[in-house]
Amino acid sequence: MRNIIRYHRHSPYLIVGSFFVGIVLFAVLISFFYLPHDPYATGIATKLIAPEFEHPFGCDHEGRDVLSRVILGTRPTVLISLSGILIALVLGLIIGSIAGRVGGLIDNLLMLLSDSIMAFPGILLALVFVAVIGRGMLSIILGLGIVFAPSYARIVRSGIRQLNNREYILLARLIGVKTPRLLVVHLFPGLLPQLLPALVVGIANMALAEAALSYLGQGVQIPLPSLGNMLMEGQSYITSAPWTVIFPSLFLVMYVLGLYFISEGIRIKYGSGGTEK
Amino acid sequence: MIYEPAPLLSVKNLTIRFPGSGKRKDNEVLSRLSFDIRDGEIFGIVGESGSGKTITALAIAGLLPDAAKIISGEIIFRGNNLLSLPPKKRRALLGKEIGLIFQEPLSSLNPLMTIGRHLMEYLTSHGNPESPRERLKARKSRILKMLAHVGFHNPDRIYRAFPHQLSGGQRQRALIAGELLLNPSLLIADEPSSSLDSVTQTQILDQLRRVSQSFGISVLFISHDLKLVERMCDRLAVLHNRKIVECDSTYEVLHSPGHPHTAALLRSASLQIRDENAARPAPPVDAVPLLRIDSLNAGYSSSILQTGTEEKEVLKDVSLRILPGEILGLIGTSGCGKTTLARVVTGLLPGTSGQIFENERLVVDFSKRGRLKKTSVGLVFQDPYNSLNPYLTIGRLLEEPLKVNHLFEKKERRDRVLQMMTRVGLPKKYYDYYPSQLSGGQRQRVALAMSLMLSPSLIVADEAVSSLDVTVQSQILKLIWEINQKSGISFLLITHDLKVVRSVCDRVAIMDSGRIIEAGRVGDVFRTPTNPVTRMLIQ
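Residues numbered from 1 in each chain as written. Chains lettered and ligands numbered in written order. Predicted model: local features only at pLDDT ≥ 70, side-chain atom pairs only at ≥ 80, totals over all residues. Heavy atoms only, no water.

I would appreciate a short explanation of the interface of chain A and chain B in the present structure.
Much of the literature gives interface size as the accessible area that the parts lose upon coming together. On the side of chain B, 26 residues touch chain A, which itself brings 20 residues to the contact. When chain A packs against chain B, the two sides together hide about 2,200 Å² of surface, and 61% of this comes from carbon and sulfur. For chain A, the biggest contributors to the area lost against chain B are E167(A), L174(A) and I175(A); these three give 31% of the whole. The residue E400(B) makes a salt bridge to R181(A) at a minimum N-O spacing of 2.6 Å. Secondary-structure elements contributing two or more residues to the side of chain A that touches chain B are helix 7 (167-174) and helix 8 (179-215) of chain A. Residue classes in the side of chain A that touches chain B are distributed as 9 nonpolar, 5 polar and 6 charged. (Contact = heavy atoms within 4.5 Å. Buried area = accessible area lost by both parts, 1.4 Å probe. Salt bridge = Lys/Arg side-chain N within 4 Å of Asp/Glu carboxyl O. Helix = DSSP H or I, 4+ residues; strand = E, 2+ residues; numbered from the N terminus. Nonpolar A, V, L, I, M, F, W, Y, C, P; charged D, E, K, R; others polar.)

The structure is reproduced here in structure tokens:
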């Protein structure tokens, strides 16, 4: 740990970012072992009580402990953002590789498709997607994954097109490397400097999109808490009981901001686009 | 007592370091450097790459990178110590009095500005004292005159041209013209001709010398090429390991070198690699050729290049034989189709028509849309920085050809890789290194080893030694020669450098605008060239 800190001591972005994201991930971790109160237990006596020793984050309009709900609510946010980005990445790699390696008409068609997806606001498309195939965690993940895929497809395609004529790729073809291996072993590592920061930012955007969907009632369904639907439930009490909104937002902001910081840190440290010489 | 005028520029005890941070030690790049440049002379600095040549030039021009620290010394130009002058004054002095010419003319030019505007910039930015209110027209005529002076026949066209419309040599001449407009008293030329082919190189250097004589300008000429320095310079300093090891008149230095390093440099510059006594007899010219290329045409279709509508024909009716066990040199000016030929022979680019025979057996007929099997010929590129995947270790790079062709077990593969590393003279510890940790010469060894892994009968080396400095160049050529002698692998050595051909090749083919214009034994072709283009190349 100490070595890690020393190694990164010149990049405050990475340290602060990892700290923020670390807190959120820690919340996810302990949600599996310990919750201070039952997050679903309602009670008249505890309705909208302000933060106190027993309930550090206060209670919401149904008397449920906000701390327990925030801890539990980080789970869907992190789960959806991470698995969504995985789907977006896999789709992006597949589409981008085909477009970048094959070129020609297929390239044009694929890029036309991804341009038309990117032309619409992501949230809107995700809403349509959820409306069509039904609510639920899986459809959110799938929907967000598909909506986010085109931007990665673009990065992968342009990266591959740049590398295609690099001499080491020509040599790899010459010694008989087949296309799948060429992509995975020879091309993908060269994309990392551009792809990695974009991916980390993508996780953050995905978390925001999930929160927005849940806020609109199309995301994670009540009573299961998520940072997004807690905001929706709390908004009516924002003046009388601001803690019902502040604490979920705090965690969401830490997660998103932390990821942005990490992305920026990676970009500064490794430079985007450059291969090390 | 003989009156000795004060030198134009004198560098005294100059020491420059890149300070290290933390554990990294200070990196000294120049150590107590001293030399003088007299009025009107051409002073040469030679040395291998990394010996500190460019840093010297940058220090004089006041363009050192921020990280560099001048530890001690002074640079006295016309009585002023440049290092103690306030920056503003120094810049005013340097801009007018010292001109700079770099190796790569394209990167010194803004692609969106015409040559005329570039040159106009020279005149306006340094407020020429002789003509404070010179009008545009007068300036333009001065520029045109200067362009004519550096050897352009139609300065008007050059004035309006954009950098990409000119050849490398023309760009370099335009830049020289720009520097001359300011009437400098010192011109620093840092490898001004290294990126040009031999014919253009000669033109540029002649131009530079003529200019120096007619304007009385001193030139600081920096190069790694002793041949050029010998032709150009009056006096010469040999830089080795951050120090000047020898400094005297060019004739003295080159004919009675006083330092072992100079002698070594001279030896490698002449590229005496062939040991005629040890050499195997060259294969008879009428032997069954290993590879016979018959009336090959090739080019790039317009969809890739997107220029015009028709296909761009690069190779026109090329026929060539490569004999078993020979080293065949292929020379020609840049852009004549050498690299395209290499790509067709290795199977990276299909030809449009023509046939290729291996041992008189037809392997591909491009007229029938045939394609060449890719793994049969090895290929080594010019720039080892680009031809090795930066994300793989040397061990994995060398194992890759065996792995993808499913040859041998894992352990056997590792053994073979290590054997190969020994064969090309790489220490075993480099197995786990990344290409970025190796020097240019070592990388080129790795590239060579990689092409050898599949034991091909022919290796195409496309300008494989051009980007290396002389000492390393001779080591790599020696390695190529040894491999050829020991295992009888044929080489097709593509180069623009006649020295390289003379040093290792058995036969040579000369290419000009997509055609092979002459081929034969090296001695015969060089002694009695039949084609005028060949004659021009050889001179």
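From this point, the discussion proceeds with the structure in view.
How should the pattern of salt bridges be read in this particular structure?
Pairing between side chains becomes possible if they bear opposite charge and their charged atoms approach one another. In total, this model carries 19 salt bridges over all chains according to the counting rule given. In this structure, E326(B) and R507(B) form a salt bridge, with 2.9 Å as the shortest nitrogen-oxygen distance. One end of the pair, E326(B), is in the loop between strand 12 (312-322) and strand 13 (327-331); the other, R507(B), is in strand 19 (residues 507-512), with 181 residues separating them in the sequence. R507(B) shares its class with E326(B); the two are buried. Through salt bridges with shared partners, one network takes in D60(A), E62(A), R64(A), R69(A) and E233(A). (Buried < 20%, exposed > 50% of the residue type's maximum accessible area, 1.4 Å probe, protein only.)

Would you explain the packing of aromatic side chains in this entry?
Aromatic rings considered in pairs are described by the distance between their centres and by the relative angle of their planes. Scanning the entire structure with this criterion turns up 5 aromatic pairs over all chains. Considering the side-chain rings of F19(A) and F20(A), the 6.3 Å spacing of their centres and the 45° angle between planes classify their relative orientation as tilted. Exposure remark for F19(A): the relative accessible area of 53% places this residue in the exposed category. For the pair Y430(B) and Y433(B), a centre-to-centre distance of 4.9 Å together with 55° between the ring planes defines the contact as tilted. Note on Y433(B): relative accessible area 27%, which makes it partly exposed. When the ring centre of F32(A) is taken as reference, the NZ or CZ atom of R75(A) above it lies at 4.1 Å. Taking NZ or CZ as reference, R292(B) lies 4.3 Å from the ring centre of F357(B), over its face. (Phe/Tyr/Trp six-rings, centres within 6.5 Å; stacked < 30°, edge-to-face > 60°. Lys NZ or Arg CZ within 6 Å of the ring centre and 35° of its normal.)

What am I meant to see in the sheet that holds strand 7 (residues 186-190) of chain B here?
Residues and elements named next belong to chain B. Taken in spatial order, the 6 strands make up an open sheet running 6-7-8-3-9-10, and their pairing is mixed. Of all the strands in the sheet, the pair left with one neighbour each is strand 6 (98-101) and strand 10 (243-249). Averaged over all neighbouring strand pairs, the angle between strand axes comes to 15°, with direction disregarded. Relative to strand 10, strand 9 (residues 235-240) runs antiparallel, the two being bridged by 6 bridges. Its bridge partner lying in strand 10, L239 is registered against I244. Relative to the sheet, helix 6 (residues 168-181) contacts strand 6 and strand 7, its axis offset from that of strand 6 by approximately 170°. (Pairing = 2+ DSSP bridges. Axes fitted to C-alpha atoms, helices over the stretch in contact; angles between N-to-C directions.)

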